[in-house]
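Results of the structural survey
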Amino acid sequence: MAKLDFSFRLLSPLLRRFSLARKTREQLLRDQQRGISHSFFVDLLIGNVVEGVTTRDGWVKGAAGPIEMRIYRADCTTGDRLPLVIFLHGGGWVSGKFVSHDWLASSLARQSKSIVISLAYRLAPDHPWPAAAENAYAGMIDVVQRADAFGADSSRVAVVGDSSGGNLAAVIALMARHRKGPKISFQGLMYPATDLMLESPSIDAHDDAPILTKADVIAVVDHYLNGADASDPYVSPLRANSHSDLPPALIQVAEYDPLRDDGTRYAAALQASGVPVRLTTYVGQPHGFISFPHMSSAASQAIAEMAAELRVALSS
């Protein structure tokens, strides 16, 4: 194995202070209400909207009422209708929103020359499964139906997500197949959680990794499921009876990640069902590395790879 990226080795003690496993239900709810905002320190860690991208906020129809969205469009893009990327943020289904992923989503918009729409969704523990999954699917339907209003092409749609957002992206791709639409041309899954039965060997192999530990994984899954069946394919897309006829995929995993094998196993399942899939392992990186552009030596490379795949998949 390669050595863990130096920045994460250096800052690992600090990052552990934000461990989700340490937080009570009440602390999680307070954090959700408080949220985070851009500041010098925040931007030093997770970046901000990249130069040359314009954002605006709005609302879409969720499964149980309106949900927020943020639209990212590169200033250099031209044309009436651009490809549409539905983005779902990570955060263990209990945290995260637009600010935490502004750099990631805006970078994708600029480099893929697409309209990227980041969807908020109802968070556990107050809103356990299936709230997030159904919210994400309903939001996607509304966005696709209103694509013209966003300057987007409803016939060229991709779903992208990181971590728990990668789980949701894979889940709504399954939902779209089962529920007859909308048509999704590509799924981009960044270190996704695909097996909430927690049977991936990497969970134990990297149980004390920086950013995400085995204890964190167990804690957020407990909050999210709240007793639901972890084998349900809309919880664990790896457990679907069939993975045929799903969109082509790029799956990016990190070497020092408890969820690494969730991604590699899902790639194998897609490939076995005849779905075109590319799997990339980023050596020396921990879970979540793409969200730390100033710390990770590979974040920019991973974004560039995802954007390149989006451009090809959504070219026509």
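The shown structure was predicted, so the numbers you read here are calculated from the model rather than taken from an experiment. (Residues numbered from 1 in each chain as written. Predicted model: local features only at pLDDT ≥ 70, side-chain atom pairs only at ≥ 80, totals over all residues. Heavy atoms only, no water.)

Points about helix H5 (residues 131-145)
The terminal C-alpha atoms of H5, which comprises 15 residues, lie 21 Å apart, in line with the 21 Å expected from a rise of 1.5 Å per residue. Taken across its 15 residues, H5 has 12 buried, putting it largely inside the fold. Within H5 the residues assigned to the buried category are Ala-131, Ala-132, Ala-133, Asn-135, Ala-136, Tyr-137, Ala-138, Gly-139, Met-140, Asp-142, Val-143 and Val-144. (Helix = DSSP H or I, 4+ residues; strand = E, 2+ residues; numbered from the N terminus. Expected span 1.5 Å × (residues − 1). Buried < 20%, exposed > 50% of the residue type's maximum accessible area, 1.4 Å probe, protein only.)

Quick notes on the side chain of His-243
Secondary-structure assignment places His-243 in the loop between helix H9 (214-225) and strand E7 (249-256). A polar side-chain atom of His-243 sits 2.8 Å from the main-chain carbonyl oxygen of Pro-237. Residues within four places of His-243 in sequence aside, it is in contact with Arg-177, Pro-237, Leu-238, Tyr-266, Ala-269, Leu-270, Ser-273 and Val-275. (Polar contact = N/O pair within 3.5 Å; in protein donor to acceptor, adjacent residues only side chain to side chain. Contact = heavy atoms within 4.5 Å.)

Things to note about the packing of aromatic side chains
Tallied over the full model, the rule gives four aromatic pairs. Considering the side-chain rings of Trp-93 and Tyr-224, the 4.4 Å spacing of their centres and the 5 degrees angle between planes classify their relative orientation as stacked. Of this pair, Trp-93 sits in the loop between strand E3 (82-88) and helix H4 (102-112) while Tyr-224 sits in helix H9, and the two are 131 residues apart along the sequence. Exposure class is identical for Trp-93 and Tyr-224. Each is buried. Aromatic pair Tyr-282 and Phe-289: ring centres 5.3 Å apart, planes at 45 degrees, arrangement tilted. Of the residues examined, Tyr-282 reaches a relative accessible area of 5% and is grouped as buried. Judged by relative accessible area, Phe-289 falls into the buried class, the value being 0%. (Phe/Tyr/Trp six-rings, centres within 6.5 Å; stacked < 30°, edge-to-face > 60°.)

Topic: the packing of H4 against helix H11 (residues 299-313)
At a closest axis distance of 9 Å, the pairing of H4 and H11 adopts a crossing angle of 45 degrees. Comparing their axes, H11 and H4 come out oblique. Considering the relative orientation of H4 and H11, their crossing is right-handed. Contact residues: Trp-103, Leu-104, Ser-107, Leu-108, Gln-111 and Ser-112 in H4; Ala-299, Ser-300, Ile-303, Ala-304, Met-306, Ala-307, Leu-310 and Arg-311 in H11. Grouping the amino acids of the contact of H4 with H11 by side-chain chemistry returns nine nonpolar, four polar and one charged. (Axes fitted to C-alpha atoms, helices over the stretch in contact; angles between N-to-C directions. Parallel < 35°, antiparallel > 145°, perpendicular 65-115°, else oblique. Left-handed = near helix turned anticlockwise from the far one by under 90°. Nonpolar A, V, L, I, M, F, W, Y, C, P; charged D, E, K, R; others polar.)

Overview of unusual backbone geometry
Excluding glycine, residues mostly carry a negative phi; peptide bonds, for their part, are mostly trans. Residues Ala-124 and Pro-125 are joined by a peptide bond in cis, for which omega reads 5 degrees. Structurally, Pro-125 can be placed in the loop between strand E4 (115-119) and H5. Residue Trp-129 is joined to Pro-130 through a cis peptide bond whose omega torsion reads 10 degrees. Inspection of the secondary structure puts Pro-130 in the loop between E4 and H5. We note that Trp-93 has phi near 65 degrees; this positive angle belongs to a residue other than glycine.

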